[in-house]
Each structure stands twice: as C-alpha cells, then as structure tokens.
Amino acid sequence: YGLPHFKFPPPHIIGEQLVELVHDALRTGRQPIVYGYSLGKAQEIVRILTDAGLPVTCHGAIGPINDIYAQFGVSTGPYRAYKLSDFHGKTALDLSERGVLVAPPQTARGAFTTRFNNPLRIMMSGWGLLKGASFRYGVDHVLPLSDHADFDGLLELVERVQPKKVFTHHGYPEFVDHLRARGIDAQRAHPPAQMELFT
C-alpha cells in the first residue's frame, strides 16, 4: 500500500545520542539547545540529561510543567529556570554552569535562539526519521524520540487488544488498508472527502 513502516530506535539509544551531541557541544564551546514539546517530551528530555549528570536550564514554558510532574512523584531531576541574564550580557554564567537549554519547538527560529552565537540546535521528534527533517525544523540535528507508537507498535497493540473495530485518527490513511488486509475491521475516524470505490 505504499505505507512507510516507521521503526523508532530504542529510546535509550536516542538518549545516548542526545547526551553525546550535548557533550560534544559543551567541549567545543557551543550552547546546546534541545527542543521538545513543553508537556511530556520536554520532561523526558530533561530526565535523560539530568540522569547523565548534565546541568539543565529550562525555558519558562517547561519549568512549571516539570514542577507539576514532581508534585505527582515523577522527578525530572534538578534544573535551573531560564533567565536572559544567565545566558547573555555581563552577568552571563559560564557554559558549564548553565548547561543544556531545553526549550519548546516554536522557539527554534525566533530571537530566543538566534541571539546565540553558533548554538547546537537539536530537535527531538519522531519526524526525525523523514529526510530533510533538520531543514524543516531549522536545526542542526533531529533525533527520533517520539510520543507515538511506530508501525510495529501499532500492529502489536491491535493484536494484543483484539478490538472488534479499529478507528484511526491521524497518520497515514493507508494503515487502515493494511489492517483490513489482515482481516481487521478498520476505518478512519474522519473519512476522506472522496469516497472509496471499494471498501
């Protein structure tokens, strides 16, 4: 059906790649900035970095969510709240002290990032498996850390649950065809505008 069979690398491998990129940036005097969605992805990123013993500073959209996680017993590890003066100007902290900056994706092309001289910009997204992802996001690297199941994970879920019917919400519409070919009653939750000739 022309359906891409996305297969995400194991999360610990992605974590190791992230830590290696960050260490390389710090060794060469580049400010590492790691982008991830403020809810969920960012907390996973912060935990990977703090578990590796790296100092972390979090953008204002991320820190308060980290605190909510901690209130419910899920620690992301220690982090510093972002202050402009810690990064720019006469009172700027040393790179080794301020460490990795974790920020939401929408800041990747704005003044938050562009005021840095030669930062190392890393996006954490499952879309990193697609060609041109670095160019699309305007970053140096995209590591495929996803909040979603990959192709094999979705099939495994359907096999384990044995549902009477499967509704797909987003992603490749051909996945429905793939499930139907396996004898599974499946349809898109929001049907396409054009009717299918055969169902």
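Note that the coordinates shown come from a computational prediction; the quantities given were computed from them, not determined experimentally.

J.: What's the story with the overall build of the protein chain in this structure? I'm lost.
T.: Within the protein chain, the secondary structure is distributed over nine helices and eight strands. Counting only C-alpha atoms, the protein chain reaches 70 × 35 × 30 Å along its principal axes. Split into buried and exposed, the 199 residues of the protein chain put 40% on the buried side. Here the analysis covers contacts within the protein chain between residues at least 6 apart in sequence; of these, 60% occur between residues at least 24 apart. As displayed, the protein chain has an accessible area near 11700 Å², and 57% of this comes from carbon and sulfur atoms. Of the side chains in the protein chain, 20 bear a positive and 19 a negative charge, and the two mean positions are spaced by 6 Å.

J.: Sorry if this is basic, but what is going on with the pattern of salt bridges here?
T.: Opposite charge on two side chains makes pairing possible when the charged atoms of those side chains draw close. Tallied over the entire structure, the rule returns nine salt bridges. The salt bridge partner of Arg27 is Asp24, with a shortest N-O separation of 2.2 Å. With Arg27 and Asp24 both in helix α1 (residues 11-27) and three residues apart, this pair spans about one turn of that helix. Between Asp51 and Arg47 there is a salt bridge, and its shortest N-O distance comes to 2.9 Å. With Asp51 and Arg47 both in helix α2 (residues 41-51) and four residues apart, this pair spans about one turn of that helix. The network of salt bridges with common partners includes Arg30, Arg121 and Asp140.

J.: Would you mind going over α1 with me for this structure?
T.: The α-helix advances 3.6 residues per turn, and as a result positions three or four apart in sequence lie on the same side. Helix length check: α1, at 17 residues, gives a terminal C-alpha distance of 24 Å against a target of 24 Å (1.5 Å per residue), a fit within 8%. Taken together, the buried positions of α1 are Ile14, Gly15, Leu18, Val19, Leu21, Val22 and Ala25. Relative to the axis of α1, the buried residues are bounded by an arc of 160° and lie together on one face. Opposite the packed face of α1, turned more than 90 degrees from it, sit the exposed residues His12, Glu20 and Arg27. One or two positions beyond α1, positive phi appears at Gly29, with a value near 80°.

The rules we used
- Residues numbered from 1 in each chain as written.
- Predicted model: local features only at pLDDT ≥ 70, side-chain atom pairs only at ≥ 80, totals over all residues.
- Heavy atoms only, no water.
- Helix = DSSP H or I, 4+ residues; strand = E, 2+ residues; numbered from the N terminus.
- Buried < 20%, exposed > 50% of the residue type's maximum accessible area, 1.4 Å probe, protein only.
- Contact = heavy atoms within 4.5 Å.
- Areas by Shrake-Rupley, 256 points an atom, 1.4 Å probe, with all protein chains shown as cover.
- Lys, Arg positive; Asp, Glu negative; His and termini not counted.
- Charge placed at Lys NZ, Arg CZ, Asp CG, Glu CD.
- Salt bridge = Lys/Arg side-chain N within 4 Å of Asp/Glu carboxyl O.
- Expected span 1.5 Å × (residues − 1).
- Arc of directions from axis to C-beta.

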